[in-house]
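# An overview of the molecular structure
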Amino acid sequence: MTIFDSTTLSAAGISAGSATGAAAETRSNIFEATQAAEDAVLRPKQAGAFSHALRAALAARIANAAGENDLAERYLAGAGDMAALADPSRDGEDEGLAPVVGFADKAANHTRDILAEDISTLQAAGVDDADIVRLCELVAFVAYQLRVVAGLRLMKGAAA
């Protein structure tokens, strides 16, 4: 696998041989670390209460809400039976995940509005502290990746 096979560069449409691709190659360690972080939050060895499919669906949901359809489609490929949750209009109630989905949405889209009560709501729903941390890691990573993809696209446009 090369850095151009990574989710981040692929979603941004960056390929080897392009001017932006050449710039990305000078920072290959960043893209390798980004892919490793993605693997760790989406497909960890110790998934806790959140299956890999649920993690992929939540990542796709966050990307969809941000209007990043290419990235959302990449995540959706791993969402399996949780794929319906990638739709931001779904609230997770049918899956018994409304508190988790609501928190993920708020953390991704209104981060500064997160309150202690939001954590208490998750805990009251039976989500343990380690899984709350895992959920926050997932949201934070996708937010980071969305920004990197947007920046790469800007670079790509400037290089054209």
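Refer to the structure above for everything that follows.
My aim in this report is to walk through the structure given alongside it, one point at a time. (Residues numbered from 1 in each chain as written. Predicted model: local features only at pLDDT ≥ 70, side-chain atom pairs only at ≥ 80, totals over all residues. Heavy atoms only, no water.)

### Re the overall build of the protein chain
Note the threshold: Strands are runs of DSSP state E lasting at least 2 residues, helices are runs of H or I lasting at least 4, and numbering of each runs from the N terminus. Radius of gyration means the value over C-alpha atoms here, while the globule rule gives 2.2 Å times the residue count to the 0.38 power. Relative accessibility thresholds used throughout: buried, under 20% of the residue-type maximum; exposed, over 50%; partly exposed, between the two (1.4 Å probe, protein chains only). Residue burial considers only the protein chains on display, and all accessible areas are found by Shrake-Rupley using a 1.4 Å probe. Charge counting treats Lys and Arg as positive and Asp and Glu as negative, with His and both chain ends excluded. Every charge is mapped to an atom, namely NZ of Lys, CZ of Arg, CG of Asp or CD of Glu.
What the protein chain contains, in helices and strands, is eight helices and zero strands. Starting at the N terminus and walking to the C terminus, you meet the elements of the protein chain as α-α-α-α-α-α-α-α. Its C-alpha radius of gyration of 16 Å places the protein chain within 12% of the 15 Å reference for a compact globule of 160 residues. Summarising its shape, the C-alpha atoms of the protein chain cover approximately 50 × 30 × 30 Å along the three principal directions. Buried residues in the protein chain amount to 39% of all 160 residues. If you sum the accessible surface of the protein chain, you get close to 8200 Å²; carbon and sulfur atoms cover 54% of it. When the 13 basic and 22 acidic side-chain charges of the protein chain are each reduced to a single mean position, those positions are 6 Å apart.

### What to know about the packing of helix H6 (residues 98-109) against helix H7 (residues 116-124)
How two helices pack is summed up by the angle between their axes together with the distance between the axes. Test applied: Where helices are involved, their axes are fitted lines through C-alpha atoms of the stretch in contact, as for all axes, and angles between N-to-C directions lie from 0 to 180°. By the definition adopted for this analysis, an angle is roughly parallel if under 35 degrees, roughly antiparallel if over 145, roughly perpendicular if from 65 to 115, and oblique otherwise. The crossing is said to be left-handed when, going from far helix to near helix, the turn is anticlockwise and less than a right angle, and right-handed when the turn is clockwise. In what follows, residue pairs with any heavy atoms lying within 4.5 Å of each other are defined as contacts. Throughout this entry, Asp, Glu, Lys and Arg are counted as charged residues, while Ala, Val, Leu, Ile, Met, Phe, Trp, Tyr, Cys and Pro are counted as nonpolar. The remaining residues, Gly among them, count as polar.
Contact pair H6 / H7: the axes reach a minimum separation of 9 Å and the direction vectors enclose 155°. In this view, H6 runs roughly antiparallel relative to H7, as classed from their interaxial angle. Viewed along their axes, H6 and H7 form a crossing whose handedness is left-handed. Between H6 and H7, the contacting residues are Pro99, Val100, Phe103 and Lys106 on the first element and Asp118, Ile119, Thr121 and Leu122 on the second. Each residue belonging to the contact of H6 with H7 can be placed in one class, and the counts come to five nonpolar, one polar and two charged.

### Quick look at the nonpolar core
Spelled out, the test is: Definition of nonpolar core: a set of buried residues of the types Ala, Val, Leu, Ile, Met, Phe, Trp, Tyr and Cys, connected through side-chain atoms within 4.5 Å.
Leu9, Leu58, Tyr75, Val100, Leu135 and Val142 are the most contacted members of the largest nonpolar core, which has 45 residues in total. Secondary structure elements with two or more residues in this core: helix H1 (7-12), helix H3 (28-42), helix H4 (52-65), helix H5 (69-76), H6 and helix H8 (129-159). Counting residues per element, this core draws most heavily on H8, which supplies 10 residues. Apart from residues lying up to four places away in sequence, Val142 is in contact with Ala59, Ile62 and Tyr75.

### What to know about the environment of Glu117
Locating Glu117 in the fold gives a position in helix H7. Overall, Glu117 belongs to the exposed group, its relative accessible area being 52%. Residues Glu117 and Asn69, 48 residues apart in the sequence, show an inter-C-alpha distance of 32 Å.

### Describing the environment of Asp105
Note that Asp105 resides in helix H6. Distance from Asp105 to Arg61, taken between C-alpha atoms, is 8.3 Å for residues 44 residues apart in sequence. In this structure, Asp105 is in contact with Arg61 and His110, ignoring residues within four places of it in sequence.

### Here's the deal with the packing of aromatic side chains
Note the cut-off: Between rings of Phe, Tyr and Trp, where Trp is taken as its six-membered ring, a pair exists when centres lie within 6.5 Å; planes separated by under 30 degrees are stacked, by over 60 edge-to-face, and by other angles tilted.
According to the stated counting rule, one finds one aromatic pair in the structure shown. Here Phe141 and Tyr144 contribute two aromatic rings whose centre-to-centre distance is 5.9 Å and whose plane-to-plane angle is 50°, an arrangement assigned as tilted. In this pair, Phe141 and Tyr144 both sit in helix H8, three residues apart, roughly one turn of the helix. According to the relative accessible area criterion, Phe141 is buried, its value standing at 6%. Among the residues examined, Tyr144 registers a relative accessible area of 33% and is labelled partly exposed.

### What to know about the pattern of salt bridges
Definition in use: Any Lys or Arg side-chain nitrogen found within 4 Å of a carboxyl oxygen on Asp or Glu counts as a salt bridge.
Summed over the entire model, instances satisfying the criterion amount to nine salt bridges. Between Asp39 and Arg43 there is a salt bridge, with its nearest N and O atoms 2.5 Å apart. Using a relative accessible area of 41% as the deciding quantity, one classes Arg43 as partly exposed. The residue Arg153 makes a salt bridge to Glu68 at a minimum N-O spacing of 2.6 Å. Taken as a pair, Arg153 in helix H8 and Glu68 in the loop between H4 and H5 lie far apart in primary sequence, 85 residues in all. One salt-bridge network, in which partners are shared between bridges, spans Glu38, Asp39 and Arg43.

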